[in-house]
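Structure at a glance
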Amino acid sequence: RDSKNRILALTLFQSENAIFGTGTMNDGSDTVKVLASGSVAADKFGLDVISSGTISLYQLALNATGNSASGEYRAFSTDSNPWIGIVEGTRAEK
């Protein structure tokens, strides 16, 4: 959450402490494809999400508890100044 409520849906994989995957992000007006990569250590993980179209980078810093995660992010875009927001998420089993 920031000035918009973005919805990020990712399919993530983990190999040792590396996490990576693909998904989509919807910011209310458009849905774009995204790529994600990062690392995990105990109950904390960092995840970089890059969107296609207007290229933006979202750097997420999360704390996980069970199937939930929350934290903050910093975002960088090719067409605007950086901004920050709050992240909340849940893990859905397939």
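Residues numbered from 1 in each chain as written. Predicted model: local features only at pLDDT ≥ 70, side-chain atom pairs only at ≥ 80, totals over all residues. Heavy atoms only, no water.

Bringing the overall build of the protein chain into the picture now. Within the protein chain one finds zero helices and seven strands. Mapped from its N terminus to its C terminus, the protein chain presents α and β elements in the order β-β-β-β-β-β-β. Compactness check: the protein chain gives a C-alpha radius of gyration of 13 Å against a globular reference of 12 Å for 94 residues, within 12% of the reference. Oriented by its inertia axes, the alpha-carbon framework of the protein chain measures out at about 35 × 20 × 20 Å. Expressed as a percentage of its 94 residues, the buried residues of the protein chain come to 23%. (Helix = DSSP H or I, 4+ residues; strand = E, 2+ residues; numbered from the N terminus. Rg over C-alpha atoms; globule rule 2.2 N^0.38 Å. Buried < 20%, exposed > 50% of the residue type's maximum accessible area, 1.4 Å probe, protein only.)

With respect to the helices, strands and loops of the structure, Ser51 is situated in strand β4 (residues 44-51). Using a relative accessible area of 6% as the deciding quantity, one classes Ser51 as buried.

Further remarks concern unusual backbone geometry. Here the phi dihedral of Glu16 falls at roughly 55°; this positive angle occurs in a residue that is not glycine. In this fold, Glu16 is placed in the loop between β1 (7-15) and β2 (18-26). The class for Glu16 is exposed, based on a relative accessible area of 74%. A positive phi angle, near 55°, is found at Ala42, a position not held by glycine. Here Ala42 lies in the loop between β3 (31-41) and β4. On the basis of relative accessible area, Ala42 is assigned to the exposed category, the value being 80%.

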